[in-house]
Amino acid sequence: MALKQLIAGSFALICMLCGCGSGIALPDSGSAQPVQAVGSGDTGSADTELVDPPLEESVTQAEDAELQLSGLVICLDPGHGITAETAQERVSPLSEETKAAYVSGASGSNQSEQEVNLAVAELTRARLEQLGAQVVMTRQTEEATISNIERAEIANHAGADLCIRIHADGADDPSASGMSMQVPAGSLLGTPEIEAPSAQAAEIILQAVTESTGARSRGLAQRSDLTGFNWSEVPCILLEMGFLSNPQEDALLETEDYRQKIADGIAEGVCRWADRIR
């Protein structure tokens, strides 16, 4: 009996030391139990370190990204305008040849070119200003008596880093479609130095706008006969947003959604161009 009591006491001591007598059940050898990895979801583990992100630095970086056009001056020139005035002006400071100072634009089924040009320019202005650019507009109303020389001089006097002329196209063939960029070239340029940087900006921005809208790119076209180009002293490009003579493009250009896509594309292109020149 004494031997049995001794064995029982020893067994009880062993169970207590192993936890068997404290309500903790030892795993049954026939049933696998999940094992929690140290440091994997165990926030109390010594191997797990929680680090808060540098909030102020993140905000600063976000602000810098939002203002990536800070310091740039962009002139937006919505083409045409309603006026009863007529006049002639010199095509170039290097020539005595003259052209009409005020011309009407293309027309769609329910919209005029001066209307859609201004609407897209205003949307583009808002986006560029959100990105930190200083924007100069050549006109802000549909009724405007402003010649092509005067448009160029507004950009020149502002010291614009880039002038973007915004137009819509028209053709006798209603199937003609797509977007294009016109760029200054030729011997009539009063400031020949703008030719190369204008072409660079045009290529970058046209790609961004066609990506944004899904429109077909018609590429770049060199122009030596545009008064606004020949009098410009700053890089200058002319975007043809699509054909008002094409029923499908005319309908698209009438919608706020498509106009916003064009504006967003222009702004994205300006950002890409700014990254390239800085």
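The rules behind each value
Residues numbered from 1 in each chain as written. Predicted model: local features only at pLDDT ≥ 70, side-chain atom pairs only at ≥ 80, totals over all residues. Heavy atoms only, no water. Helix = DSSP H or I, 4+ residues; strand = E, 2+ residues; numbered from the N terminus. Buried < 20%, exposed > 50% of the residue type's maximum accessible area, 1.4 Å probe, protein only. Contact = heavy atoms within 4.5 Å. Areas by Shrake-Rupley, 256 points an atom, 1.4 Å probe, with all protein chains shown as cover. Salt bridge = Lys/Arg side-chain N within 4 Å of Asp/Glu carboxyl O. 1 Å grid on protein atoms, 1.4 Å probe; cavity = no way out; pocket = protein on both sides within 12 Å on 5 of 7 lines; lining within 4 Å. Points joined across faces, edges and corners; volume = space filled by probe spheres on them. pLDDT = per-residue confidence, 0-100. Expected span 1.5 Å × (residues − 1). Pairing = 2+ DSSP bridges. Axes fitted to C-alpha atoms, helices over the stretch in contact; angles between N-to-C directions. Right-handed = clockwise from strand over helix to strand, strands pointing away.

S.K.: How would you summarise the overall build of the protein chain if you had to cite specific residues and measurements?
M.R.: Broken down by element type, the protein chain carries 8 helices and 8 strands. Looking at the protein chain as a whole, 41% of its 278 residues qualify as buried. A separation threshold of at least 6 residues defines the contact pool for the protein chain, and within that pool the share at least 24 residues apart is 79%. Looking at the protein chain as shown, the accessible area adds up to about 15100 Å², and 51% of this sits on carbon and sulfur atoms.

S.K.: I'd like to hear about the pattern of salt bridges, residue by residue, with values.
M.R.: As enumerated under the stated definition, the model contains 9 salt bridges in all. The salt bridge partner of arginine 272 is glutamate 211, with a shortest N-O separation of 2.8 Å. With arginine 272 in helix H8 (residues 256–277) and glutamate 211 in helix H5 (residues 195–213), this residue pair connects regions lying 61 residues apart in the sequence. With a relative accessible area of 47%, glutamate 211 lands in the partly exposed category. What emerges from the salt-bridge pattern is a single network uniting Asp77, Arg151 and Arg165.

S.K.: Account for empty space enclosed by the protein, naming residues and giving values.
M.R.: Going through the model one piece at a time under the given rule, you end up with 1 cavity of 30 Å³ or more. Looking at the largest cavity, its volume works out to about 40 Å³. As for the largest cavity, its lining consists of Asp77, Arg151, Ala152, Ala155, Cys163, Arg165, Gly228, Ser232 and Cys236. Mapped by element, the contributors of at least two residues to the lining of the largest cavity are helix H4 (148–158) and strand E5 (162–169). For the lining of the largest cavity, the element with the most residues is H4, which contributes 3 residues.

S.K.: Go over the confidence of the model for the protein chain with me, naming the residues and quoting the values.
M.R.: Chain-level pLDDT for the protein chain is 85 on average; 77% of the residues reach the 70-or-more range. Contacts for the low-pLDDT stretch residues 10–52, under 50 throughout, to residues beyond four places or in other chains number 12 contacts. Throughout residues 58–62 the model reports pLDDT below 50, and contacts reaching past four residues in sequence, or to other chains, amount to 0 contacts.

S.K.: Tell me about helix H3 (residues 113–130), and please be specific about residues and values.
M.R.: The end-to-end C-alpha separation of H3 is 26 Å, in line with the 26 Å expected for 18 residues at 1.5 Å each. Of the positions making up H3, those classed as buried are Glu113, Gln114, Val116, Asn117, Leu118, Val120, Ala121, Leu123, Thr124 and Leu128.

S.K.: Before we move on, could you go through the sheet that holds strand E4 (residues 134–137) and cite the residues and values that matter?
M.R.: With mixed pairing, the 6 strands of this open sheet are ordered in space as E4-E1-E5-E8-E6-E7. A single partner strand is all that each edge strand has here, and the edge strands are E4 and strand E7 (217–223). Going from strand to strand, the sheet's axes swing by 25 degrees on average, the running direction of each strand aside. Examined bridge by bridge, strand E6 (residues 179–184) and strand E8 (residues 236–243) share 3 bridges and lie antiparallel to one another. Within E8, the residue paired with serine 180 across the bridge is glutamate 240. The strands that H3 touches are strand E1 (73–78), E4, E5 and E8; relative to E5, the one it contacts most, it runs at about 145 degrees. Where H5 meets the sheet, its contacts fall on E5, E6, E7 and E8, and the angle it forms with E6 comes to roughly 170 degrees.

S.K.: Lay out the pairing of E7 with the relevant residues and their values.
M.R.: Two strands pair when backbone bridges link them, and E6 and E7 are joined in this way by 5 bridges, in the parallel orientation. In the strand pairing of E7, valine 183 is matched with glutamine 222. With H5 bridging E6 and its parallel neighbour E7, the resulting β-α-β unit is right-handed.

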